[in-house]
Every structure is written in C-alpha cells, then in structure tokens.
Amino acid sequence: MADLEVTEPVENEQQFWHALNSILSAPCPTPESLDDVLRSWLELVATGRDRYLDDEDDIATCSQQLRLSSIFRQNADYVRTQIIYSLLQEDEYGPLHVISNFLLLDGRAEEETFRRMVNEGCFLRLLELIKSCGAHDGRLHRLLLELMYEMSRIEKLPHQDLAQVEDEFIIYLFQLIEAFSDDVDDPYHYAVIRVLLVMNEQYMVASASGAVDPTAPVTHITNRVVKVLSLHGPSFRTFGENIILLLNRATETSLQLIILKLLYLLFTTKATYEYFYTNDLRVLLDVIIRNLLDLPVEMNTLRHTYLRVLAPLLSHTQLSQPPHYKRDQILSLLEILRGSGSAHFLPPEPTTLRLVERVANIPWLVDDEGVLSPVPMTSLTQAQNGSTVSVIANVHEKPGIETPSRKSNLARELRHEQEDAEDTVRSIIAVSPASDTPETTTSNLSVSSTTEGHKAAGRRKPSPPPARRLRAQKSLPIVPKHRHGVPVSPQPPHTPTRMIENSTFAQGDKHGVAAASSSSPTAASAAAAVSGDGKVSGPVAKKQPPKLPPPRRGKLRAVNSLSTLHPVTESLPQTGSTPVA
C-alpha cells in the first residue's frame with residue numbers, strides 16, 4: 001500500500017495538528033498499513049520541526065500522541081521495533097530528531113525500550129551520530145546526549161561496545177564543556193557531564209564484573225574518563241567544578257551515586273589527587289557533611305558511599321594540609337554517625353561503624369599538632385581498595401527516585417500531627433451535647449440552612465470556637481505550723497491595751513520593758529519573750545505592732561531640760577480615776 005498522503009496542504013500550525021490527528025486515527029488492519037501510518041507520522045513531524053515545533057516540548061507532544069493512539073496500544077512492540085530500526089538506518093537530521101525524541105519519551109515510561117536499544121546495538125549508532133552532528137544540528141545533538149545517558153544508566157553496555165570508545169571522543173566531550181563554560185545558555189553543559197559520568201560508571205561496572213565473573217572477557221578495559229583527567233586534568237577543570245555543583249543540587253539518588261563513583265576514583269588515583277581546586281574541595285566537604293547529616297536512617301547505601309568518598313578526600317587531597325578545614329565539624333559528624341549519646345535510636349549497623357572508624361583514623365583528625373604531610377590510607381591495602389571499587393561499582397538505584405530528607409520528613413510529621421490535632425478538635429466539637437429546647441432547635445436549623453447556603457456559594461463556614469471549660473477551684477494554702485523554726489501555739493484572743501511610755505523610754509529599751517510589764521500583764525509576757533539583745537527566747541503569743549521611733553537627739557535634750565524644770569508623771573489610767581496633768 002502506498003504511503004498515506006495528507007489531502008490538505010499544511011500551511012499553518014492549526015492545520016499541522018489537524019493533519020497529525022487524521023494520520024493517527026486512520027485504521028491499520030494490516031502490517032503494511034501500519035508501516036504507512038508510521039512513515040506518514042514521521043514525515044509530517046520531521047517537516048514541521050523547523051516550521052511549527054520550535055520547542056522540544058512540542059515534538060514531545062507529537063510523540064505522546066502516538067503513544068496514546070490506538071495504533072500504539074494495539075501494536076506497541078511492533079511500533080518500538082520499527083522506530084529502533086529507523087534510528088539505526090536513518091541519516092537525515094529531521095527524522096532522527098523525531099525518532100530520538102520518541103525513544104527518549106517511551107524509554108522513560110518503559111525501561112524495556114532502553115534495554116532493547118542496547119541489545120540492538122544503538123550505543124555505537126549514538127556514538128557515531130554525536131560525533132558527526134554536533135556542528136550541524138544543536139537540538140539533535142543535545143537530544144542524542146540525553147538519549148545516550150538515559151539508555152546507558154539503565155542497562156550494562158556490552159564489552160565490545162565499550163571497547164569502541166576512543167580517547168578522542170572523551171576529549172571531545174571535555175572540550176565541549178570548556179568551550180561553553182562562560183555561556184549561561186549553554187545547551188550542552190549538563191547533558192555532556194551526565195554522559196561522562198555514566199561512561200565512568202560503565203567502565204567501573206565492566207572492571208568489577210571482570211574481577212568477579214570468570215566468564216567475563218580477560219581483556220582489561222581502560223577507564224578513559226579517568227585516563228584523560230589523569231593526563232590532561234588541568235585543562236579540563238571546569239568539569240570538576242560542575243560535578244561538585246551538580247552534587248550540591250542533585251536530589252535524585254542515582255545521580256548522586258554516579259557522581260560519587262567518579263569522585264572516589266579521582267581521590268584514589270595518585271595522578272588526580274590534586275585535580276580539584278582547594279576551594280572546590282572545601283565546598284565538596286561542606287556538601288558531604290550536610291548530606292550525611294540530612295540522610296534518613298534507612299538510606300544506608302547512599303550513606304556508605306558518601307563515607308567511602310570522604311576518607312580519601314580527607315587523606316589524599318589538599319585538605320590534608322594545614323590549616324585543616326572544619327576539623328571540629330568532621331569530628332562531630334563522626335560522633336553523630338557512631339550513635340554516641342543517642343539512647344533513643346537503634347545503634348548504627350556494622351558497615352557504617354567500620355566506615356566511620358576508617359575516616360576517624362586519618363592522622364590529622366587524630367592529632368592536629370604539627371604539619372602533617374599527605375599520607376596514604378594505610379587501612380586499605382591494594383586488595384581492599386579493589387574490593388571497595390567493586391562494591392561502589394555495583395551500587396545502583398532506580399532512576400527517578402528522589403533522596404528523602406530528614407528535615408522534610410520531620411516537617412511532614414509535624415504537619416500530620418497538626419492535622420490530627422485539628423481533626424480531634426473538630427470531632428470533639430461535633431459530639432458535644434446540645435440542648436433540646438426550641439430555641440436550640442431553631443438555632444440548629446438556622447445554622448444548617450446557613451451552612452448549606454455557604455456550600456452552595458462555594459465558601460466554607462468557619463467552625464465555631466471550642467466550648468469553654470471551667471477551671472477547678474484551687475484550695476486555700478495550708479497555714480504553717482511553725483514560724484522560722486519556732487512552733488506556733490494558738491493563744492486565746494485578748495484585748496490589746498495601749499501602753500503609754502514615760503519620758504525615760506529614750507534612755508533604753510530595758511526601762512520601757514519594765515514600765516510595760518508593770519502596767520499590763522499581756523505586754524509583760526510579750527516583753528519577757530524578748531531578751532535584751534532583741535532575740536526571741538520563747539513562744540510568742542501575738543505579734544505586737546512596731547514601737548514608735550525614738551526622738552532625735554536635739555529634741556531629746558529639749559525634753560530632758562523641760563522635764564527637769566517641770567516634772568510630769570505619766571501612768572496608765574485606773575478605773576474610776578481622772579488622769580492628772
């Protein structure tokens with residue numbers, strides 16, 4: 001059957017989308033008709049790429065419409081196979097762009113698409129297209145880099161495919177990063193960096209599988225990413241700056257792991273000990289400390305990888321030279337990871353403790369006195385280092401999984417507790433007893449009608465305030481049984497008697513006490529309870545009001561002189577007698 005042709009010419013964007021819907025809604029009773037529909041879809045979208053589909057999302061919309069059509073739902077495997085074969089055979093940039101966009105979109109939804117691409121040999125095809133189209137079609141070049149990254153991190157590449165990668169290709173990718181290092185609109189920056197990171201991971205997996213799998217090829221595969229950085233590291237420092245920045249911003253667990261894998265190799269390879277600038281290493285240390293403190297308890301795999309990178313970072317790089325950066329914070333981090341003082345939590349697992357002790361045994365963390373030269377990690381032999389590389393190489397995480405945060409989990413728990421408390425308050429208000437009086441019934445009816453009116457208007461009626469609870473009346477305080485250590489004995493009530501002091505009071509307290517004792521027995525008993533120095537010598541019946549202060553010396557002399565001239569006798573009045581002046 002001949003290819004489907006669009007009956008109406010496509011002259012604007014509206015006609016383009018109408019033609020696309022017509023093609024995807026055509027019936028396909030035979031495989032030949034299905035091939036015709038796929039070719040017509042590919043030709044239409046490739047033609048409209050430069051005219052109506054300026055944004056990559058527009059092309060993704062065309063790919064998504066194909067995935068949602070009945071053609072794809074009924075013949076998914078066949079459609080994927082035909083498009084993968086088209087990638088291997090097509091040479092024009094327009095159709096290649098549409099094919100790559102569909103495979104990238106479909107592979108992110110179904111990982112089996114990427115596995116089929118690896119099995120069909122698409123890696124070498126992408127390698128060829130990336131090297132050839134970079135100077136001709138920037139949009140396609142970036143898309144091919146993203147497709148290679150997504151495909152390579154899902155499935156292990158065959159040994160023969162990795163062997164086809166040459167140093168020139170790796171150098172070409174590093175040069176792309178350096179060429180656009182000052183361009184804020186760089187379309188290749190992170191796409192190229194991700195390809196280099198996933199290539200390093202593939203080399204690590206290949207070397208680790210060759211060490212543990214007897215059926216693996218005997219030929220050793222050189223890690224060309226580390227090789228190029230070992231030989232030309234100072235020329236490609238922008239790459240190092242960007243992977244630290246990428247690690248600082250990364251929230252995806254798989255992306256953090258592939259960055260840490262490359263960092264581990266760079267910090268354990270002597271030629272790349274000082275690849276990074278010192279300031280960049282300090283930023284990296286800050287990022288590692290922050291992420292280790294923020295990781296939840298269940299993220300052991302990522303925590304172990306961070307600790308495996310931290311040990312050579314502190315031992316082999318410029319951070320081992322004084323002044324030692326954040327030594328106290330590192331020691332505090334190690335104490336936290338040991339579980340010191342956290343009796344409410346489970347102890348850390350043995351692997352975490354072993355990795356923490358490996359970091360703690362670094363010389364400048366043990367003793368910070370004097371100038372220490374960089375020393376090798378004596379706790380790791382060559383065999384142990386190789387086993388560590390194998391462990392790190394085999395650490396994987398499914399793409400798209402975000403790393404949980406301890407702070408976000410705590411905030412989520414607090415939010416849930418607050419919502420539970422609000423629900424509890426609402427339930428208490430809802431079950432509170434109501435009166436059965438007519439006034440209450442009328443009020444409830446009015447509230448119900450008002451609530452229905454608010455719901456009809458789309459507004460929510462505010463909930464009434466909670467019922468006010470009466471506080472229990474507090475009991476009076478208990479009267480003390482003693483005062484300043486002296487027991488208080490209850491005394492019968494008595495009538496206070498006024499005491500009139502004579503003029504000889506100013507000569508001393510003893511005369512006043514004697515006069516008071518002679519005039520009133522109650523006052524005499526109170527005075528007897530007080531000794532000459534003012535201390536309490538016995539139980540006090542009742543506290544007497546304070547005495548008047550003595551007159552000043554000037555007035556005292558005047559009173560004494562008058563008393564010698566006109567003596568006045570003052571005494572308590574007796575019953576039935578008249579006081580004499």
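As the structure is a prediction and not an experimental result, all values here were calculated from the model. Along each chain, residue indices are assigned from 1 in the same order as the chain's sequence is written. Local features in a predicted model are, by the rule used here, given only for residues with pLDDT of at least 70; side-chain atom pairs are given and counted only at 80 or more, and totals for whole chains, interfaces and linings are based on all residues. The side-chain quantities take in all heavy atoms of the structure and omit both hydrogens and water.

What to know about the overall build of the protein chain
Okay, so step 1: Strands here mean DSSP runs of E at least two residues long; helices mean DSSP runs of H or I at least four residues long; both are numbered from the N terminus. Along its length, the protein chain carries 26 helices and 2 strands.
Okay, so step 2: Buried residues are those whose accessible area, probed at 1.4 Å on protein chains only, stays under 20% of the maximum for their type, while exposed residues exceed 50% and partly exposed ones sit between those limits. Every one of the 581 residues in the protein chain was classed for burial, and the buried ones make up 36%.
Okay, so step 3: For this analysis, residues touch if any pair of their heavy atoms sits within 4.5 Å. A separation of at least 24 residues holds for 74% of the contacts in the protein chain among residues at least 6 apart in sequence.
Okay, so step 4: Summed over its atoms, the accessible surface of the protein chain is roughly 35,300 Å², and 54% of this surface lies on carbon and sulfur atoms. Here the Shrake-Rupley method, with its probe set to 1.4 Å, supplies the accessible areas, and only the displayed protein chains count as covering residues.

Topic: the packing of helix α2 (residues 31-48) against helix α3 (residues 56-68)
Okay, so step 1: Their axes nearest at 11 Å, the elements α2 and α3 cross at an angle of 165 degrees. Relative to α3, α2 is oriented roughly antiparallel. In the crossing of α2 with α3, the sense of the turn from one axis to the other is right-handed. Contact residues: L38, W41 and V45 in α2; C62, S63 and L66 in α3. Every axis corresponds to a line fitted to the C-alpha atoms, with the helix fit spanning only the stretch in contact, and the corresponding angles, defined between N-to-C directions, vary from 0 to 180 degrees. Orientation is classified from the angle alone, with under 35 degrees giving roughly parallel, over 145 giving roughly antiparallel, 65 to 115 giving roughly perpendicular, and any other angle giving oblique. What makes a crossing left-handed is the near helix being turned counterclockwise from the far one by less than a right angle; a clockwise turn instead makes it right-handed.

Considerations on the side chain of T352
Okay, so step 1: Tracing the chain through its elements places T352 in helix α19 (residues 350-360).
Okay, so step 2: Look past the residues within four positions of T352 in its chain and what remains in contact with it is N300, R303, H304, L307 and L337.

Some details on the nonpolar core
Okay, so step 1: Joining through side-chain atoms within 4.5 Å is the link that ties buried Ala, Val, Leu, Ile, Met, Phe, Trp, Tyr and Cys residues into a set, and such a set is a nonpolar core. W41, F239, L263 and L314 are the most contacted members of the largest nonpolar core, which has 129 residues in total.
Okay, so step 2: For this core, the element with the highest residue contribution is helix α12 (residues 189-212), accounting for 12 residues.
Okay, so step 3: Excluding residues that lie within four positions of it along the chain, L263 makes contacts with I243, L247, F276, L284 and V309.

Comments concerning a negative patch on the surface
Okay, so step 1: Taken together, the side chains of E13, D54, D55 and D57 make up a negatively charged region of the molecular surface.
Okay, so step 2: Relative to the helices and strands, D54 resides in the loop between α2 and α3. Patches here: salt-bridge-free residues with over 30% relative accessible area, like charges joined within 9 Å, nonpolar side chains (Val, Leu, Ile, Met, Phe, Trp, Tyr) joined within 5 Å. Only one rule defines a salt bridge in this text: a Lys or Arg side-chain nitrogen within 4 Å of an Asp or Glu carboxyl oxygen. A residue counts as positive if it is Lys or Arg and as negative if it is Asp or Glu; His and the chain ends are not included. For charged residues, the charge sits on one atom: NZ in Lys, CZ in Arg, CG in Asp, CD in Glu.

Description of the packing of helix α5 (residues 76-89) against helix α6 (residues 93-109)
Okay, so step 1: At their nearest, the axes of α5 and α6 sit 10 Å apart, and the two run at 135 degrees to each other. When the axes of α5 and α6 are compared, the pair comes out oblique. Taken as a pair, α5 and α6 cross one another with a handedness that is left-handed. From α5, V79, R80, I83, I84, S86 and L87 reach across to α6, where they touch L96, I99, S100, F102, L103 and D106.

A closer look at α3
Okay, so step 1: Helix span is expected to be 1.5 Å times the residue number reduced by one. In this model, α3 (13 residues) spans 18 Å end to end at C-alpha, consistent with the 18 Å of a helix rising 1.5 Å per residue.
Okay, so step 2: On its buried side, α3 packs onto α1 (13-24), α2, α4 (70-74), α5, α6 and α9 (138-152).

Description of the packing of aromatic side chains
Aromatic rings considered in pairs are described by the distance between their centres and by the relative angle of their planes.
Okay, so step 1: Centres within 6.5 Å are what make two rings of Phe, Tyr or Trp a pair, Trp counting through its six-membered ring; a difference in plane orientation under 30 degrees is then read as stacked, over 60 as edge-to-face, and the rest as tilted. One pass over the full model with this rule turns up 8 aromatic pairs.
Okay, so step 2: Ring centres 6.0 Å apart and planes at 80 degrees place the aromatic pair F72 and F102 in the edge-to-face group. Taken as a pair, F72 in helix α4 and F102 in helix α6 lie far apart in primary sequence, 30 residues in all.
Okay, so step 3: Here the aromatic rings of F174 and F239 are separated by 5.0 Å at their centres, their planes lie at 90 degrees, and the arrangement is edge-to-face. Here F174, found in helix α11 (residues 167-179), pairs with F239, found in helix α14 (residues 237-249); they are 65 residues apart in sequence, far enough to count as distant. A single burial state applies to F174 and to F239, both of which are buried.
Okay, so step 4: Look at NZ for Lys and CZ for Arg. If either is within 6 Å of the ring centre and within 35 degrees of the ring normal, a charge sits over the ring. In this arrangement the basic side chain of R237 is found over the ring face of Y277, its NZ or CZ atom lying 4.7 Å from the centre.

Some thoughts on the environment of P158
Okay, so step 1: Within the secondary structure, P158 sits in the loop between α9 and α10 (159-163).
Okay, so step 2: With relative accessibility at 23%, the residue P158 sits in the partly exposed group.
Okay, so step 3: Between the C-alpha atom of P158 and that of V118, which follows or precedes it by 40 residues, the distance is 8.1 Å.

Looking at unusual backbone geometry
Okay, so step 1: Across the junction of P322 and P323, the peptide omega takes the value 0 degrees, indicating a cis bond.
Okay, so step 2: As for its position among the elements, P323 is in the loop between α17 (300-316) and α18 (327-338).
Okay, so step 3: In this structure, K326 is a non-glycine residue whose phi angle is positive, near 55 degrees.
Okay, so step 4: By relative accessible area, which is 30% here, K326 ends up partly exposed.

A word on the pattern of salt bridges
Any two side chains of opposite charge can pair if their charged atoms end up close together.
Okay, so step 1: Enumeration over the complete set of coordinates arrives at 21 salt bridges.
Okay, so step 2: Residue R224 pairs with D167 through a salt bridge whose shortest N-O separation is 2.6 Å. Of this pair, R224 sits in helix α13 (residues 224-232) while D167 sits in helix α11; the two residues are 57 residues apart in sequence, bridging distant segments of the chain.
Okay, so step 3: Several salt bridges share partner residues, and in doing so they unite R67, D77, R80 and D106 into one network.

Scope: geometric values only; no functional claims are made or implied.
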